Amino acid sequence: MVKVLVLNAGSSSQKSCLYDLPHTRLPQEPPQPLWEAQIDWPHGGDGAKLKVKTAHHRHEETLQGGSRPEDSARMLETLYSGATRVIADPGAIETVGHRVVHGGEAYRESTRITPEVKAAIERLALFAPVHNPANLAGIEALEALLGSQVPQVAVFDTAFHSRLPAAAYVYPGPYEWLDQGIRRYGFHGISHRYCAERAAQILGRDLAQVRLVTCHLGNGCSLAAVRGGFSVDTTMGFTPLEGLMMGSRSGSIDPGILIHLMRQADYTVDKLDHTLNQASGLEGVSGISNDLRPIFKAIDQGHARAKLALDIYIHRLRAGIGAMAVSLGGLDALVFTAGIGENAAPVRAGACEALGFLGVALDPQKNNDRPRDADIAAADSAVRVLVIHTQEDWAIARECWQHLRR
Ligand code: AMP
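Bear in mind the structure is a predicted one, so any value in this text is a computation, not a measurement.

A.B. asks: Lay out the site of the ligand with the relevant residues and their values.
C.D. replies: Residues in contact with the ligand, as listed here, are Gly218, Asn219, Asn290, Asp291, Leu292, Arg293, Phe296, Ala338, Gly339, Ile340, Asn343 and Ala344. The contact in question runs from an oxygen atom of the ligand to an N or O atom on the side chain of aspartate 291, over 2.4 Å. Burial of the ligand by the protein chains amounts to 71% of its free accessible area of 500 Å². Only α9 (292–300) and α11 (338–343) provide two or more residues apiece to the shell around the ligand. With 4 residues, the top contributor of residues to the shell around the ligand is α11. Here the shell around the ligand is built from residues that sort into 5 nonpolar, 5 polar and 2 charged.

Right, dumping it as structure tokens:
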């Protein structure tokens, strides 16, 4: 068996898991990891929380270390010591995969991490100032633990969108923007790709032959138009702020609003950043939460702004799906994934209700029946509608396994 460690480092959390995979053949269904861990760093500093889960133990502690590298080192220690121990020593780990948010134009596929790749990830921090440095810190933590001989692989969130046609990725600003790297990249690519492959598997079709719109609806939300096995259009752009309305991000708005706000005397770039990334979206409109569940509760109690937030969310989701379907020139299947896509039946129903003219018809019972990796379209629907549980960590582990085989 091959032990593959996956590290998914975000702005305020870090998730990790260890898979034990056969040498010869990857399982069709995602296996249960041997060990799973998560660190949550609270805003404001003190006491990060570490949670670790194995088949036999659950462990929680408040980390006293203080620095991120120290916290990561403690998390990794639980792999080979204490009650959550699943390997004898770090030497048992044969390869490590990292989710890297921004791979720029150069990285169209996952790649073995070398000093050059690290330098590129560092350079691209200009475009992903929170995520790429966190990804790099994760890579360095593993190098410190395992030495540089153990292969580490970067799996990029932008890679699946790297074949967007120029008409889809060039902004209609000054042409010089392209030289500065200001173009559309797209994100959530690991999830969109996994869901597209899984959709083809569920449909029993060749991925190269199906036209899909994959809807990744979590805290961040984006759509991808998938044709020929690649993303040919997507809603996120230069940053993960473009496109759909999200938990606390605005998505696309008239850029004239930004000019208007910035002209006000005390308005700063940091304030604008905070407004658009943290104080907008479901949170900003409802005034309740960036999480859809309390918004549903408030709607039941007659809260008008909560209802408006959901209405805007669905209005923009429908418009986005329509745009993606047009980029594809037709639609074979619509795929819903991530927290909202997998769990919020009313959002799926609301989106599909407007897509009847494309031949989309939901089976209401299947939609309400907690579907997972299932087709919820009515029998006579011209377009299949799938709910797929996204498995980014498993997708990263598969990439690592394939790199080892090469
Ligand atoms: P994610 O970023 O994929 O974890 O998704 C987070 C979003 O999924 C939040 O808006 C949650 O409210 C939403 N979500 C998770 N579970 C449910 C549920 N059972 N019903 C509605 N929304 C949910």
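A.B. asks: I'd like a description of the layout of surface pockets, backed by residues and values.
C.D. replies: Estimates place the volume of the second largest pocket at around 670 Å³. Lining the second largest pocket are 31 residues; nearest its centre among them are Arg193, Glu197, Arg398, Glu399 and Gln402. Of all the secondary-structure elements, those providing two or more residues to the lining of the second largest pocket are β8 (152–156), α5 (189–203) and α14 (392–405).

A.B. asks: Let's hear about the sheet that holds strand β12 (residues 333–337): which residues, and what values?
C.D. replies: Strand order in the open sheet formed by 6 strands is β11-β10-β9-β12-β14-β13, with mixed pairing between adjacent strands. Looking along the sheet, the strands with just one partner apiece sit at the ends: β11 (230–234) and β13 (374–375). Bridge count between strand β10 (residues 221–227) and β11: 4 bridges; the pairing is antiparallel. Bridging across to β11, arginine 227 finds its partner in phenylalanine 230. Helix-sheet contacts for α5 involve β9 (212–217), β10, β12, β13 and β14 (384–387), and the interaxial angle to β9 is about 130°.

A.B. asks: Please provide a residue-by-residue account of the pattern of salt bridges, values included.
C.D. replies: Overall, the coordinates contain 21 salt bridges when judged by the stated rule. The salt bridge partner of lysine 3 is aspartate 20, with a shortest N-O separation of 3.1 Å. Taken together, the residues lysine 3 in strand β1 (residues 2–9) and aspartate 20 in strand β2 (residues 13–21) connect sequence positions 17 residues apart. On the basis of relative accessibility, which here comes to 18%, the residue lysine 3 falls in the buried class. On the basis of relative accessibility, which here comes to 24%, the residue aspartate 20 falls in the partly exposed class.

A.B. asks: An account of the environment of glycine 47 is needed here, citing residue identities and associated values.
C.D. replies: Among the structural elements, glycine 47 can be located in the loop between β3 (35–40) and β4 (48–54). In the structure, glycine 47 is positioned 17 residues away from glutamine 64 in sequence and 6.2 Å away in space, judged by C-alpha atoms.

A.B. asks: How would you sum up the packing of aromatic side chains? Please name residues and give values.
C.D. replies: Here the structure, examined in full by the defined rule, presents 6 aromatic pairs. Geometrically, the ring pair formed by phenylalanine 127 and phenylalanine 238 is edge-to-face, given 5.3 Å between the ring centres and 65° between the ring planes. In this pair, phenylalanine 127 sits in the loop between α2 (115–123) and α3 (131–146) while phenylalanine 238 sits in the loop between β11 and α6 (255–262), placing the two residues 111 residues apart along the sequence. Looking at phenylalanine 127, the relative accessible area reads 17%, which means it is buried. When its relative accessible area of 23% is taken as the criterion, phenylalanine 238 is described as partly exposed. Put simply, the rings of Phe127, Tyr185 and Phe238 touch in pairs and so form one group of aromatic residues. Positioned above the aromatic ring of phenylalanine 230, the side-chain terminus of arginine 163 is 4.0 Å from the ring centre. Above the plane of the ring of tyrosine 169 lies arginine 183, whose end atom (NZ or CZ) is 3.8 Å from the centre.

What counts, and at which threshold
- Residues numbered from 1 in each chain as written.
- Predicted model: local features only at pLDDT ≥ 70, side-chain atom pairs only at ≥ 80, totals over all residues.
- Heavy atoms only, no water.
- Near = heavy atom within 4 Å.
- Polar contact = N/O pair within 3.5 Å; in protein donor to acceptor, adjacent residues only side chain to side chain.
- Areas by Shrake-Rupley, 256 points an atom, 1.4 Å probe, with all protein chains shown as cover.
- Helix = DSSP H or I, 4+ residues; strand = E, 2+ residues; numbered from the N terminus.
- Nonpolar A, V, L, I, M, F, W, Y, C, P; charged D, E, K, R; others polar.
- 1 Å grid on protein atoms, 1.4 Å probe; cavity = no way out; pocket = protein on both sides within 12 Å on 5 of 7 lines; lining within 4 Å.
- Points joined across faces, edges and corners; volume = space filled by probe spheres on them.
- Pairing = 2+ DSSP bridges.
- Contact = heavy atoms within 4.5 Å.
- Axes fitted to C-alpha atoms, helices over the stretch in contact; angles between N-to-C directions.
- Salt bridge = Lys/Arg side-chain N within 4 Å of Asp/Glu carboxyl O.
- Buried < 20%, exposed > 50% of the residue type's maximum accessible area, 1.4 Å probe, protein only.
- Phe/Tyr/Trp six-rings, centres within 6.5 Å; stacked < 30°, edge-to-face > 60°.
- Lys NZ or Arg CZ within 6 Å of the ring centre and 35° of its normal.

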